[in-house]
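Next come the chains, spelled out residue by residue.
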Amino acid sequence: MSENMPAWNVHLTDEWRSDALDLLADESLPGRWTRRWLERPAWPQVQDIDDRWITSMELEDRTRQVAQRLLGAGLKPGDRFVVSASATADLVVVYIAALRAGLVVVPLNTGYTRAEVERIVADAQPAGAAVDDRERAAWISEAAAGEPVIVGIEVELAGSAEADLDRVTRDDPALLVYTSGTTGRPKGALLTHGNMLASATAVSLAWRWQPDDRLLLTLPLFHVHGLAVGINGTFTTGASVVLRPRFDVTDVFGRADAGAVSLFFGVPAMYQRLASTPGAAALRRLRLCVSGSAPLPPTVANAIAAATGHIPLERYGMTETIMLTSNPYAQRRKVGTVGFPFPGVELRLGDAGEVEVRGPNVISGYWQQPAATAQAFTADGWFRTGDLGEFDEDGYLRLVGRSKDLIITGGYNVYPREVEEVLLTHPGVQDAAVVGRSSDEWGEEVTAVVIADGDLGVDELRAHAAENLAAYKVPKRIEFVDDLPRNALGKVLRQELR
């Protein structure tokens, strides 16, 4: 194992050889999913939030009908299609149907304000949307060009039996996911069917995901953690998923203790609550707990291990690459590390220790932004993650910081400048700087350091931010100061504020 190229064979069982591994067999997500549906008799595959099960054959039938309706309404393969709704089986059906129809799904956070929705829609220019909220649907309709097809999440449209489905290939775009809005034009990571299929296949192999597994999914489905890992992984494996409307500690403990589920994926804030609530021993019945989207504090990992007998498997990924590394399933899991690259992923440390990657899971570029694309890749074609890392003596990757100012709080990305610009629109704010401070509960806590012009209270400023930002972007801590630390060029020294 070289210093810059840790091996990913650690994730494979003896039946798999690296030279025989085909992560892209079946060519696309619908190609894999439809094969899984035909491989065995119908089985319960999706449990809705009302606890009703939908079988695999029902899912195939419903997604086929919805795909035909979408194409019958005038949508065409390659069109962008916004999906914005709470986590239910209807949302899963629309998502799968859109991919079967060849549409490019644009997930939209249900908590976004009008301004945030308009920025993304103006950039993506979708031809349609499936939304569970009339006001949000109106925002999308007004911000999109032409006359987009806007429907409810049930997609009650006339169908078209002539529609040709499941024709996409590995190179066709599948998902357009926007990074949490920066100033001006947001960046859309354009993931192909090949990107998502390769990642879902690699994850299934590494985590020993089996058809008889049931994933308890409490994550939102507008985020790649819930959608590209949880949903894609479930259907790629031919397994089952239990959907929940939100994360609830009592619900997680009850379903785990009853043996109703075998897998749980969460973010550190969830594990913090699970570890601090009596009853965590119920998680012992789970085959695997996975933590991601932000660093898992060692104190939390050790608390979960003490209660359950196993360390949560910590992994590392990002929107532009989906999954990159993971602690091994069957070998030692090291707290504070993110393990080894997934099958198919190559990883090295570049200048100043920045993590650079390449593989079939990595995007080829950002949506209609050649300059941003060129900046994201090295001259020899490796993607710059912006994260700083180091390998320990056993080759495990440890993330030690970020070369950018991105804040990850509760699994969500927050760009400081976006929050700062909202704060500066308040007449009582003279200047402001936003940083992420370490938090056992959130991974990082959005913190605003503000120079106020007159008498301004924390509650008033936080309320102003909440009117213009999604809840997770609103500063959890606001501090008032007389001055901000700056260098000779006037740039705020964020490290001092952290």
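A brief structural summary. (Residues numbered from 1 in each chain as written. Predicted model: local features only at pLDDT ≥ 70, side-chain atom pairs only at ≥ 80, totals over all residues. Heavy atoms only, no water.)

## Looking at the overall build of the protein
Counting secondary structure elements, the protein contains 14 helices and 24 strands. The C-alpha radius of gyration of the protein comes to 22 Å, within 12% of the 23 Å expected for a compact globule of 498 residues. Referenced to the eigenvectors of the C-alpha coordinate spread, the extents of the protein come out at roughly 70 × 55 × 50 Å. Counting all 498 residues of the protein, 59% fall into the buried class. For the protein, the proportion of contacts with a sequence separation of at least 24, taken over those separated by at least 6, is 67%. Carbon together with sulfur atoms contributes 47% to the accessible area of the protein, which is approximately 19800 Å² in total. In the protein, 49 side chains carry a positive charge and 66 a negative one; their mean positions are 3 Å apart. (Helix = DSSP H or I, 4+ residues; strand = E, 2+ residues; numbered from the N terminus. Rg over C-alpha atoms; globule rule 2.2 N^0.38 Å. Buried < 20%, exposed > 50% of the residue type's maximum accessible area, 1.4 Å probe, protein only. Contact = heavy atoms within 4.5 Å. Areas by Shrake-Rupley, 256 points an atom, 1.4 Å probe, with all protein chains shown as cover. Lys, Arg positive; Asp, Glu negative; His and termini not counted. Charge placed at Lys NZ, Arg CZ, Asp CG, Glu CD.)

## Some details on the packing of helix 9 (residues 268–275) against helix 10 (residues 298–308)
At a minimum axis distance of 9 Å, the contact between helix 9 and helix 10 shows a crossing angle of 50°. Put simply, helix 9 runs oblique to helix 10. For the pair helix 9 and helix 10, the sense of crossing is left-handed. Note on element contacts: helix 10 touches helix 9 through Val300, Ala303 and Ile304, opposite Tyr271, Gln272, Leu274 and Ala275. Of the residues in the contact of helix 9 with helix 10, the class split is 6 nonpolar, 1 polar and no charged. (Axes fitted to C-alpha atoms, helices over the stretch in contact; angles between N-to-C directions. Parallel < 35°, antiparallel > 145°, perpendicular 65-115°, else oblique. Left-handed = near helix turned anticlockwise from the far one by under 90°. Nonpolar A, V, L, I, M, F, W, Y, C, P; charged D, E, K, R; others polar.)

## Observations concerning the packing of aromatic side chains
Counted according to the given criterion, the structure contains 11 aromatic pairs. Taking the centre distance of 5.8 Å and the plane angle of 65° together, the rings of Trp33 and Phe235 count as edge-to-face. Separated by 202 residues along the polypeptide, Trp33 in helix 1 (residues 29–39) and Phe235 in helix 7 (residues 224–237) bring together distant segments of the chain. Residue Trp33 is classed as buried on the basis of its relative accessible area, which comes to 0%. The class for Phe235 is buried, based on a relative accessible area of 1%. Seen from their ring centres, Phe264 and Tyr271 are 5.8 Å apart, and the 80° between their planes marks the pair as edge-to-face. (Phe/Tyr/Trp six-rings, centres within 6.5 Å; stacked < 30°, edge-to-face > 60°.)

## Notes on helix 7
The buried fraction of helix 7 amounts to 14 of the 14 residues, a majority that puts the element mostly inside the structure. A positive phi of about 85° marks Gly238, the residue just after helix 7.

## Observations regarding the pairing of strand 1 (residues 44–47)
Alignment of strand 1 against strand 2 (residues 53–55), held across 3 bridges, turns out to be antiparallel. Of the residues in strand 2, the one forming a bridge with Pro44 is Thr55. Two successive antiparallel strands, strand 1 and strand 2, enclose a turn made up of 5 residues, where Asp51 displays a positive phi of approximately 75°. Relative to strand 10 (residues 240–243), strand 1 runs parallel, the two being bridged by 2 bridges. Across the sheet, Val46 pairs through a bridge with Val241, a residue of strand 10. (Pairing = 2+ DSSP bridges.)

## A look at the sheet that holds strand 24 (residues 477–480)
With respect to topology, 3 strands assemble into an open sheet ordered 22-23-24, the strand pairing being mixed. Edge strands, defined here as strands with exactly one partner in the open sheet, are strand 22 (429–439) and strand 24. With direction set aside, neighbouring strand axes in the sheet form an average angle of 25°. Pairing between strand 23 (residues 443–452) and strand 24: 4 bridges, direction parallel. By the bridge assignment, Val449 is partnered in strand 24 with Glu479. Helix 12 (residues 416–423) rests against strand 22 and strand 23 of the sheet, and its axis sits at about 145° to strand 22.

## Comments concerning the nonpolar core
Within the largest apolar cluster, 117 residues are counted, with the highest numbers of intra-cluster contacts made by Tyr95, Trp207 and Leu274. Here the element with the most residues in this core is helix 3 (residues 89–100); it accounts for 10 residues. When near neighbours in sequence (up to four residues on either side) are disregarded, Leu274 contacts Phe247, Val249, Val252, Phe253, Phe264, Ala280, Leu283 and Ile304. Ranked by size, the runner-up nonpolar core spans 40 residues in total, among them Leu176, Val434, Leu469 and Val474. (Core = buried A, V, L, I, M, F, W, Y, C linked by side-chain atoms within 4.5 Å.)

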